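# Observations on the three-dimensional arrangement
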Amino acid sequence: MSLRRRAIAYLVALHAMFAALAVYLFLANPFWLIAVEAVFALSLVIGLRLWREMHRHLGLTAEGLRLIRDEEFTSRFLPVGQPEIDELIGIYNRMVDHLRDERVRVAEQHQFLSRVLQVSPSGIVILDFDGRISSINPAAERLLDAGPGSMVGLRLESLTSPLGKALADLAPGDAQLVGMLGARRVKCHHGTFIDRGFPRSFLLIEELTEELRQFERAAYEKLIRVMSHEVNNTVAASNSLLHSSLAYAGELAPGNREDFEQAIGIVIERTEQLGSFMRRFADVFRLPPPLTRPQDLVPILQGMSRLLAADDNAHGVSWNWELQAPAIWVDVDRGQFEQALVNILKNAIEAIDGTGTITIQLSSAAGRSTLAIEDTGPGIAAEAQSNLFTPFFSTKPHGQGIGLTLVQEILSAHGFDYGIERTGHGTTRFSIVMDTSTPGGVQDDVAVLPTRQAAQ
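Per chain, residue numbering runs from 1 following the sequence as it is written. Where totals are concerned, whole chains, interfaces and linings use all residues; where local detail is concerned, this predicted model gives features only for residues with pLDDT of at least 70, and gives and counts side-chain atom pairs only at 80 or more. Each side-chain value is derived from all of the structure's non-hydrogen atoms; neither hydrogens nor water enter the calculation.

### Quick word on the overall build of the chain
Going along the chain from the N terminus, every DSSP run of H or I of four or more residues is numbered as a helix, and every run of E of two or more is numbered as a strand. Per the secondary structure count, the chain includes 11 helices and 13 strands. Exposed residues in this analysis have more than 50% of their type's maximum accessible area, buried residues have under 20%, and partly exposed residues fall in between, with area computed by a 1.4 Å probe over protein chains only. Among the 456 residues that make up the chain, the fraction classed as buried is 34%. Contacts are assigned to residue pairs that have any heavy atoms within 4.5 Å of one another. For the chain, the proportion of contacts with a sequence separation of at least 24, taken over those separated by at least 6, is 61%. Computed with the Shrake-Rupley method and a 1.4 Å probe, the accessible areas treat only the protein chains shown as cover for residues. Of the roughly 27,000 Å² of accessible surface on the chain, a fraction of 59% belongs to carbon and sulfur atoms.

### Let's talk about the environment of E421
Within the secondary structure, E421 is located in strand β11 (residues 417-422). For E421, a relative accessible area of 28% puts it in the partly exposed group. Residues E421 and G379, 42 residues apart in the sequence, show an inter-C-alpha distance of 8.6 Å.

### So, the packing of helix α9 (residues 334-352) against helix α11 (residues 403-414)
Two elements in contact, α9 and α11, have axes separated by 9 Å at closest approach and are oriented at 140°. Relative to α11, α9 is oriented oblique. In this structure, α9 meets α11 at a crossing whose hand is left-handed. The residues of α11 that touch α9, namely those facing Q336, F337, Q339, A340, N343, I344 and N347, are G403, L404, L406, V407, I410, L411 and H414. Looking at the contact of α9 with α11 residue by residue, the class counts come to eight nonpolar, six polar and no charged. Between N-to-C directions, angles cover 0 to 180 degrees, with each direction set by a line fitted to C-alpha atoms, over the stretch in contact for helices. Each angle receives one of four descriptions, namely roughly parallel if under 35 degrees, roughly antiparallel if over 145, roughly perpendicular if within 65 to 115, and oblique otherwise. Put simply, a crossing is left-handed when the front helix is turned counterclockwise from the back one by less than a right angle, and right-handed when it is turned clockwise. Here the nonpolar group is Ala, Val, Leu, Ile, Met, Phe, Trp, Tyr, Cys and Pro; Asp, Glu, Lys and Arg are the charged ones; every other residue, Gly included, is treated as polar.

### Things to note about the packing of aromatic side chains
The aromatic pairing rule takes the rings of Phe, Tyr and Trp, using the six-membered ring of Trp, and pairs them if the centres are within 6.5 Å, calling planes under 30 degrees apart stacked, those over 60 edge-to-face and the rest tilted. The final tally for this structure, using the stated rule, is three aromatic pairs. Ring geometry for F129 against F198: centres 6.3 Å apart, planes inclined by 85°, an arrangement best described as edge-to-face. A residue pair is termed long-range when its members are at least 10 positions apart, and F129 in the loop between β1 (123-127) and β2 (133-136) and F198 in strand β5 (residues 198-207) qualify at 69 residues. The exposure class of F129 is partly exposed, given its relative accessible area of 42%. The exposed category is assigned to F198, whose relative accessible area is 55%. With 6.3 Å between their ring centres and 90° between their planes, F337 and F416 make a pair best called edge-to-face. Within this pair, whereas F337 is found in helix α9, its partner F416 is found in the loop between α11 and β11, the two being separated by 79 residues in sequence. For F337, a relative accessible area of 0% translates into the label buried. On the basis of relative accessibility, which here comes to 8%, the residue F416 falls in the buried class. Cation placement over rings: the criterion is NZ of Lys or CZ of Arg within 6 Å of the ring centroid and within 35° of the ring normal. In this structure, R200 is placed above the aromatic ring of F129, and the distance from its NZ or CZ to the ring centre is 5.5 Å.

### Focus on the nonpolar core
In terms of nonpolar packing, the biggest core is built from 39 residues, with F337, I358, L371, F430 and I432 touching the most fellow members. Among the elements that line this core, the one with the most residues is α9, at nine residues. The residues contacting L371, other than those within four sequence positions of it, are L301, F337, L341, I360, Q361, L362, F430, S431, I432 and M434. Residues belong to one nonpolar core when they are buried, are Ala, Val, Leu, Ile, Met, Phe, Trp, Tyr or Cys, and are joined through side-chain atoms within 4.5 Å. Core analysis: the next-biggest nonpolar cluster, separate from the first, contains 19 residues, V125, L127, V186 and I205 among them.

### Considerations on the pattern of salt bridges
Each reported salt bridge corresponds to a side-chain nitrogen of Lys or Arg within 4 Å of a carboxyl oxygen of Asp or Glu. Inspection of the entire model under this criterion finds 11 salt bridges. Between R368 and D435 there is a salt bridge, with the nearest N and O atoms lying 2.6 Å from each other. Placement of R368 in strand β10 (residues 368-375) and of D435 in strand β12 (residues 428-435) is noted, with a sequence separation of 67 residues between them. When salt bridges that share partners are traced, they join D195, R196 and R200 into one network.

As far as function goes, none of this settles anything; it's purely spatial.
Here it is, written out as structure tokens:
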């Protein structure tokens, strides 16, 4: 029972007793009835006044509770002249002032953090208590190749991308460097925070592609420069001595002279090949800045395919063309870009190693042109995917590991997006995304192939 009802019940019971006493006194002595009635009236007036004040004070308490329940912290109560009530009002006013200031501070912090998450170049994924994605910023959506808001509510285990799988396998507190499409590298960290007394997880995804590429470039450039210097000095001195040694061949018996000259010739050839090998490594890191101009990609691709189709290894290769238009223009340094195409197409031919198909797709949309070269070889092994653009790394038995490094240097210098991936049907696709250019310059006199054609 509420305090208000108990007070009313008390007043009713008290005055019922007064009424019974008045009846008794009226029967015994009417004079005492008048005195009791006066006391009764005075008590009733005092009781009603006290009840009215108590009700008003209780109304203040109820109104304060309502304001707190509605989270309305802008209203304050004025003192009523009662010390106990005024003390309670003072405590309430200080409490709502603190809650209002705290709510403003939290709202400002939340707005600041939201802005930071929206513009942060690092991807941030926040999970709920059930391990589902509750919040994800645009950078994380871009790294995970997802549309805005499309991943909210999903579990990390349901993500099909390699990065999503790596995030799902990451234990709380762990960090891992993950290789993505092409030469891209991202660092993933699984952290935790406390929310309402329980731990929740968040994942930080930081792209380190350019930083690692520059670091690797500087390290390998220094290493190759030192190796090239030492090897070239040794080769030059050795070849000089070997050529001098050939002068003594005339002093040998005819039966030994031929073997001597042949042996010295083999050593000279090998040292020259070693010097040439080191110069090719050094040339990868001595590329001049590209001098770009508008070029039509179609005749460039046709020329490279015809050049490589004459190779003995390409006799069993069919060339399939899927061209969106007979001419697509892009700003490139033609010499460097052709060198990149030679390496890409040679890799495709060597991957087929016999009979197969190389499909060249060229399309343009929304100011961007996409070139995709796909071969029907065995595809890329999962363990090799993250190392494809690393210098000295090769999947070929006798590969030198500089072909894709050169391709990376050329495409990065042009500012193109690129990558290698294993498709869903087991083929390998090398994709290059470029800004479409305005037609201009001089075209080579090369016939345009039909939009779709298969040629030996």
